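Read off the chains here:
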Amino acid sequence: MNSTSVIAIEPPGPLREFWLGFASNRGALVALIVFALIAIASLFAPLIAPHDPIEQYRDFMLTPPIWAEGGNTRFLLGTDELGRDMLSRLLHGGRVSLGIGLAAVLMSLLPGVLLGLLAAFFQRWLSPAIMRVMDIVLALPALLLAICVITILGPGLVNTVIAIAIGALPGYVRLTRAAALGEIGRDYVTASRVAGAHVWRLMFITVLPNCMAPLIVNATLSFSSAILETAGLGFLGLGVQAPTPEWGTMLSSARDYITRAPWVVTLPGLTILVTVLAINLMGDGLRDALDPKLKKVA
C-alpha cells in the first residue's frame, strides 16, 4: 500500500513577505543601497569629511577635482569659489538637506493623519471645514506656497521646514481621510463600535494601522519632494543661509562659475539627482510591497 506524504509549507511572516515583495523590484533594491550609503555618509560627515566645510583655502580657489587637469590630492572633488572643499560641503550639506526633508515629512505627516482621521469620523460638521482649508492650501503650488511662508517668517533652517511642511499637509489629510473612509464601514470596525470602543480608540487603534501602507508610500515620495523644495528655496536664497552648506545653496553660489569651473555646479546637482531618484525608486518598491494588488512574493 502506497502512502503519500504531504509536506506543509508555512507561509512567510509579514516582515519576510514585505522584504520579498520589496526585493523583487531590483531598481528599488539598488536604490535602497545607494540611499543608505548617502544617508550614512551624511550622518557621519564630521568623521568622514576631510576638511571643515566652511574653512577657506585661499590658495586653492576653484581647484578642479582630482581626475581633472590641475587637480590636487588634498581636495578629491576640488574646491569652490571661496576655496572650500567640495567633498566636505557635500557631505555636511547632506545632513542639512536630508534632515530638513525628514523633519518636514514628520511635521506634515503627524498633523495630517490627525486631521484626516477627524475628517473621516466627524463627516457632518468637522470634515467640511478641514477639507475646505486643505483645498485653499492646494490652490497654490507647493514651491510658491513655501516662498510665501518664507517671506512672512523669514529665511532660515527652521522656517524652511515649516514652509515645506505646510505645503505637504493637504496630501496627508486627503489620503488619510480617503483610506479611513474605506475602513470605517468594514465589519471589524462595526464590531469594535458595538463592543463599546471609544471613538479615539477606533481612530488610532482600529482604523489607523490599516491605513498605514499608502501613508508610508506617500511619506517616502514626499521626502524626495521636500529635498527638491529645500534645494529650490536654497537656490533662490530663501532657504538655509550661508555659510551653512546645503545642496541648493551650493548651486546658487556657484552659478556664476558654471563655464569656468563646471564641477562646482555639476557635483551638487548630481547629488540632488541621485538622492531624489533613489528615494523615488524606493517609493515604487514600497508600493509594490505594501499594496495587496501589486505584491509579488517570491
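Look up: the structure comes first, before these words.
Analysis parameters
Residues numbered from 1 in each chain as written. Predicted model: local features only at pLDDT ≥ 70, side-chain atom pairs only at ≥ 80, totals over all residues. Heavy atoms only, no water. Helix = DSSP H or I, 4+ residues; strand = E, 2+ residues; numbered from the N terminus. Buried < 20%, exposed > 50% of the residue type's maximum accessible area, 1.4 Å probe, protein only. Patch = residues over 30% accessible without salt bridge, like charges linked within 9 Å, V, L, I, M, F, W, Y side chains within 5 Å. Areas by Shrake-Rupley, 256 points an atom, 1.4 Å probe, with all protein chains shown as cover. Salt bridge = Lys/Arg side-chain N within 4 Å of Asp/Glu carboxyl O. Phe/Tyr/Trp six-rings, centres within 6.5 Å; stacked < 30°, edge-to-face > 60°. Lys NZ or Arg CZ within 6 Å of the ring centre and 35° of its normal. Axes fitted to C-alpha atoms, helices over the stretch in contact; angles between N-to-C directions. Parallel < 35°, antiparallel > 145°, perpendicular 65-115°, else oblique. Left-handed = near helix turned anticlockwise from the far one by under 90°. Contact = heavy atoms within 4.5 Å. Nonpolar A, V, L, I, M, F, W, Y, C, P; charged D, E, K, R; others polar. Polar contact = N/O pair within 3.5 Å; in protein donor to acceptor, adjacent residues only side chain to side chain. Expected span 1.5 Å × (residues − 1). Core = buried A, V, L, I, M, F, W, Y, C linked by side-chain atoms within 4.5 Å. Lys, Arg positive; Asp, Glu negative; His and termini not counted.

Q: Would you take a moment to explain the overall build of the protein for this structure?
A: A tally of helices and strands in the protein yields 12 helices and 0 strands. Moving toward the C terminus, one meets the helices and strands of the protein in the order α-α-α-α-α-α-α-α-α-α-α-α. Oriented by its inertia axes, the alpha-carbon framework of the protein measures out at about 80 × 70 × 30 Å. The 298 residues of the protein split such that 44% are buried.

Q: What am I meant to see in a nonpolar patch on the surface here?
A: Together, Ile40, Leu43, Phe44, Leu47 and Ile48 make up a nonpolar patch on the protein surface, roughly 540 Å² of accessible area in all. Those elements that place two or more of their residues in the nonpolar patch are helix H2 (26-43) and helix H3 (45-48). Residue Ile40 is classed as partly exposed on the basis of its relative accessible area of 47%.

Q: How should the packing of aromatic side chains be read in this particular structure?
A: Any pair of aromatic rings gets described here by the distance separating the centres and the angle formed by the planes. For the structure shown, the criterion picks out 7 aromatic pairs. An angle of 25° between the planes, with centres 6.0 Å apart, marks the rings of Trp19 and Phe22 as stacked. In this pair, Trp19 and Phe22 are both assigned in helix H1 (residues 14-23), 3 residues apart and thus about one turn of the helix distant. Here the aromatic cluster, defined as three or more aromatic residues joined through ring pairs, consists of Phe18, Trp19 and Phe22. Residue placement shows Arg255 over the ring face of Phe235; its charged tip is 5.1 Å from the ring centre.

Q: I tried to follow the packing of helix H4 (residues 86-121) against helix H10 (residues 212-235) on my own but got confused; where do I start?
A: How two helices sit against one another is set out by the angle between their axes and by the gap between those axes. Here H4 crosses H10 at 135°, and the two axes come no closer than 8 Å. As judged from the angle between their axes, H4 and H10 are oblique. For the element pair H4 and H10, the recorded crossing hand is right-handed. Facing H4, whose interface residues are Ser97, Leu98, Ile100, Gly101, Leu102, Ala104, Val105 and Val113, H10 presents Leu215, Ala219, Ser222, Phe223, Ala226, Ile227 and Thr230. When grouped by side-chain class, the residues that make up the contact of H4 with H10 number 11 nonpolar, 4 polar and no charged.

Q: For this particular structure, what's the right way to read helix H11 (residues 247-254)?
A: An α-helix turns once per 3.6 residues; consequently, residues spaced three or four apart project the same way. Where burial is concerned, most of H11 is hidden: 7 out of the 8 residues are buried. On its buried side, H11 packs onto H4, H10 and helix H12 (263-290). The N-cap of H11, judged by a side-chain oxygen 3.1 Å from the amide nitrogen of Gly248 a few residues on, is Glu246.

Q: Looking at this structure, how should I read the pattern of salt bridges?
A: A side chain with one charge may pair with a side chain of the opposite charge, provided their charged atoms come close. This model, assessed by the stated rule, comprises 8 salt bridges. One salt-bridge network, held together by shared partners, links Asp80, Glu81, Arg84 and Arg89.

Q: How do you make sense of H10 when you look at a structure like this?
A: Between its terminal C-alpha atoms H10 stretches 34 Å, which fits the 34 Å expected from 24 residues at 1.5 Å a residue. Following H10 by one or two positions, Gly237 has its phi on the positive side, about 80°.

Q: Looking at this structure, I do not really get the environment of Arg89. What am I missing?
A: By the secondary structure assignment, Arg89 is in helix H4. When the C-alpha positions of Arg89 and Ala45 are compared, they lie 9.2 Å apart, and in sequence the two are 44 residues distant. Leave out the neighbours within four places in its chain, and Arg89 touches Pro53, Ile54, Asp80, Arg84, Pro243, Thr244, Pro245 and Met250. A polar contact of 2.9 Å, which involves the side chain of Arg89, links it to the backbone oxygen of Pro53.

Q: Help me understand the packing of H4 against helix H9 (residues 199-207), please; the structure alone is not making it clear to me.
A: H9 packs onto H4 with a crossing angle of 120° between their chain directions and a minimal axis gap of 11 Å. For the element pair H4 / H9, the angle class is oblique. When you trace H4 past H9, the crossing you get is right-handed. Each of Leu114, Leu117, Leu118 and Phe121 in H4 lies in contact with H9, whose residues at this interface are Val199, Trp200, Leu202, Met203, Phe204 and Val207.

Q: In this structure, what is going on with the nonpolar core? I would like to understand it.
A: The nonpolar side chains of a soluble globular protein tend to be buried with one another. Of all hydrophobic cores here, the largest spans 55 residues; its most connected members are Phe121 and Val264. Of all the secondary-structure elements, those providing two or more residues to this core are H2, H4, helix H5 (127-138), helix H7 (157-184), H9, H10, H11 and H12. At 13 residues, the largest contribution of residues to this core is made by H4. Beyond its immediate stretch of four places on either side in the chain, Phe121 contacts Ile184, Val199, Leu202, Met203 and Val207. Counting residues in each nonpolar core, the second largest holds 13 residues, with Ala104, Ile150, Leu233 and Val240 among its members.

Q: Can you walk me through the side chain of Glu246 in this structure?
A: Along the chain, Glu246 falls in the loop between H10 and H11. Although buried, Glu246 forms no salt bridge, and the nearest oppositely charged side chain, Arg89, lies 8.7 Å from it. Sequence-distant contacts of Glu246, that is, excluding residues within four places in its chain, are made with Gly93, Val96, Ser97, Thr230, Ala231, Gly234 and Val240.

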